Amino acid sequence: MASFARFDFRPLLKDPILIAGLPGVGDIGKIAIDLIADQLHAERFVRTFSDDLPATVYVDEDCCIEAPCFSLWLARLKDADVVFLRGNCQATSIQGQISLAKKAFELVLEHDPSLVISLGGSCIEDSEKSPRLLGAVTEPGMKQLFELYGIDFVPKEPMMGIGGVAGALMALCDAYGVDGLCIVAETSGMFEDNMGAKAIVDALSSLLGVEIDTSCLSEGTNEPPEDEPFQEQDPPYFG
């Protein structure tokens, strides 16, 4: 299995927070992370290409080819460097998901990350109500802190576990002794779930101490507003 990283630039990171959101159940993680990264004007610094990714290229709005890849984007906030793991697809195999998660994790690990957050969705039958945010952490003592952001920690939930890159990253955090938090929003999983994505964006914006305009999610579109400024607040997490 071959993979390689192509750098746009090599940043020096200080205690970075890694946040991962890829296509998946309801596309919740991808919708949420794309909105936050775009509004924070994150800058891409590396792409990872692999034969674990689909043998398909995508065509963008300018009719240009976009190869399947995982990419890391950097936004520098007042109190933290935030690195976003984004992608236009998942790996085609379980082994590929683990391999690509490890590649992204190692690129940030050398900078001593303070926290890794993975995002996703959890399927439920009744998705008419406002979605719950379910959380899982690498250390029990972390739960009380993240409950402040509306994340519920329910024993044995999500019932189906945490799969894909989101789960692989949490396993790597546990193995390497890095604090890890997984947030999943309940969803039917039958469509792109803007409501679930909005719930995650609201929680993360409070955690990071920034304001994110989620009106595009309320209006049923996943397109973020262009060139919207963001305002930093003083988040309890960094206090």
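In this text, all values refer to a predicted model and were calculated from it rather than measured experimentally.

Visitor: Teacher, can you tell me more about the sheet that holds strand β10 (residues 180-187) here?
Guide: The pairing of strands in a sheet comes from backbone hydrogen bonds and takes either a parallel or an antiparallel form. The sheet built from 8 strands is open, its strands ordered β1-β3-β6-β7-β2-β8-β10-β9 with mixed pairing. Looking at strand neighbours, the two that pair on one side only are β1 (3-7) and β9 (133-137), the edges of this open sheet. Neighbouring strand axes in the sheet, compared pairwise and without regard to direction, differ in orientation by 20 degrees on average. With 5 bridges connecting them, β1 and strand β3 (residues 43-50) associate as antiparallel partners. Within the sheet, the bridge partner assigned to phenylalanine 7 lies in β3 and is valine 46. Where helix α2 (residues 94-109) meets the sheet, its contacts fall on β1, β2 (17-20), β3, β6 (70-76), β7 (81-87) and β8 (115-123), and the angle it forms with β3 comes to roughly 145 degrees.

Visitor: I'm lost on the pairing of β8 in this one. Help?
Guide: Sheet faces and side chains relate simply in a regular strand, where the side chains alternate between the two faces. Extensive coverage of β8 is indicated by the burial of 7 of its 9 residues. Sheet analysis places β2 next to β8, joined by 4 bridges and oriented parallel. Paired with alanine 20 across the two strands is serine 118, which belongs to β8. Of the strand pairs in this sheet, β8 and β10 are connected by 8 bridges, and their pairing is parallel. Directly across from glycine 121, in β10, lies its bridge partner alanine 185.

Visitor: Teacher, can you tell me more about α2 here?
Guide: One turn of the α-helix equals 3.6 residues, which is why residues spaced by three or four share an orientation. Under the 1.5 Å per step criterion, the end-to-end length of α2 is 22 Å for 16 residues, consistent within 8% with the ideal 22 Å. Buried within α2 are the following residues: Gly96, Gln97, Leu100, Ala101, Ala104, Phe105, Leu107 and Val108. Taken end-on, α2 shows its buried residues confined to a sector of 160 degrees, consistent with a single buried face.

Procedures and definitions
Residues numbered from 1 in each chain as written. Predicted model: local features only at pLDDT ≥ 70, side-chain atom pairs only at ≥ 80, totals over all residues. Heavy atoms only, no water. Pairing = 2+ DSSP bridges. Helix = DSSP H or I, 4+ residues; strand = E, 2+ residues; numbered from the N terminus. Axes fitted to C-alpha atoms, helices over the stretch in contact; angles between N-to-C directions. Contact = heavy atoms within 4.5 Å. Buried < 20%, exposed > 50% of the residue type's maximum accessible area, 1.4 Å probe, protein only. Expected span 1.5 Å × (residues − 1). Arc of directions from axis to C-beta.

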